[in-house]
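Fold and geometry: a report
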Amino acid sequence: MPRRVTVTTEGPMLVEGPVEVVLDDGSTVRSDRFTVALCTCRRSRAYPWCDTSHRRRSKR
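Residues numbered from 1 in each chain as written. Predicted model: local features only at pLDDT ≥ 70, side-chain atom pairs only at ≥ 80, totals over all residues. Heavy atoms only, no water.

1. Section: the nonpolar core
Keep this limit in mind: Think of a nonpolar core as a cluster: buried Ala, Val, Leu, Ile, Met, Phe, Trp, Tyr and Cys residues, connected wherever their side-chain atoms sit within 4.5 Å. Accessibility here uses a 1.4 Å probe with only protein chains present; expressed as a share of the type maximum, an area under 20% marks a residue as buried, one over 50% as exposed, and anything in between as partly exposed. For the purposes of this entry, the term helix denotes a DSSP run of H or I that reaches at least four residues, the term strand denotes a run of E that reaches at least two, and both are numbered from the N terminus. Any pair of residues with heavy atoms lying within 4.5 Å of one another is described as a contacting pair.
Ranked by size, the top nonpolar core spans five residues in total: Val15, Val19, Val21, Val36 and Leu38. Listing elements by their share of this core, those giving two or more residues are β3 (19-22) and β5 (35-38). When neighbours within four sequence positions are excluded, Val15 is seen to be in contact with Arg4, Val5, Phe34, Thr35, Val36 and Leu38.

Below is the structure:
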């Protein structure tokens, strides 16, 4: 079965899980979640997983 990948505007790439991601350095990370949000902006502290760092921060 093919995996469904959803590309969102100004947000993460959503991938139906489980997934295994190979990083630039050759290391592999895995998630068994039903849907995984992959960071496309590289601002995430939990890279390659999205932590919503791409959202604009508003001043209070």
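Next comes the rest of the write-up.
2. As for the environment of Arg45
Here Arg45 shows up in the segment after β5. Distance from Arg45 to Val7, taken between C-alpha atoms, is 20 Å for residues 38 residues apart in sequence. Look past the residues within four positions of Arg45 in its chain and what remains in contact with it is Asp51 and Ser53.

3. Observations regarding the pairing of strand β4 (residues 28-31)
Which entries qualify depends on this criterion: In short, DSSP must find at least two bridges between two strands for them to pair.
Here β3 runs beside β4; their pairing, made up of four bridges, is antiparallel. Note that in β4 the partner of Glu20 across the bridge is Arg30. Remark: five residues form the turn of the hairpin made by β3 and β4, two consecutive strands paired antiparallel; Gly26 in that turn has positive phi of roughly 90 degrees.

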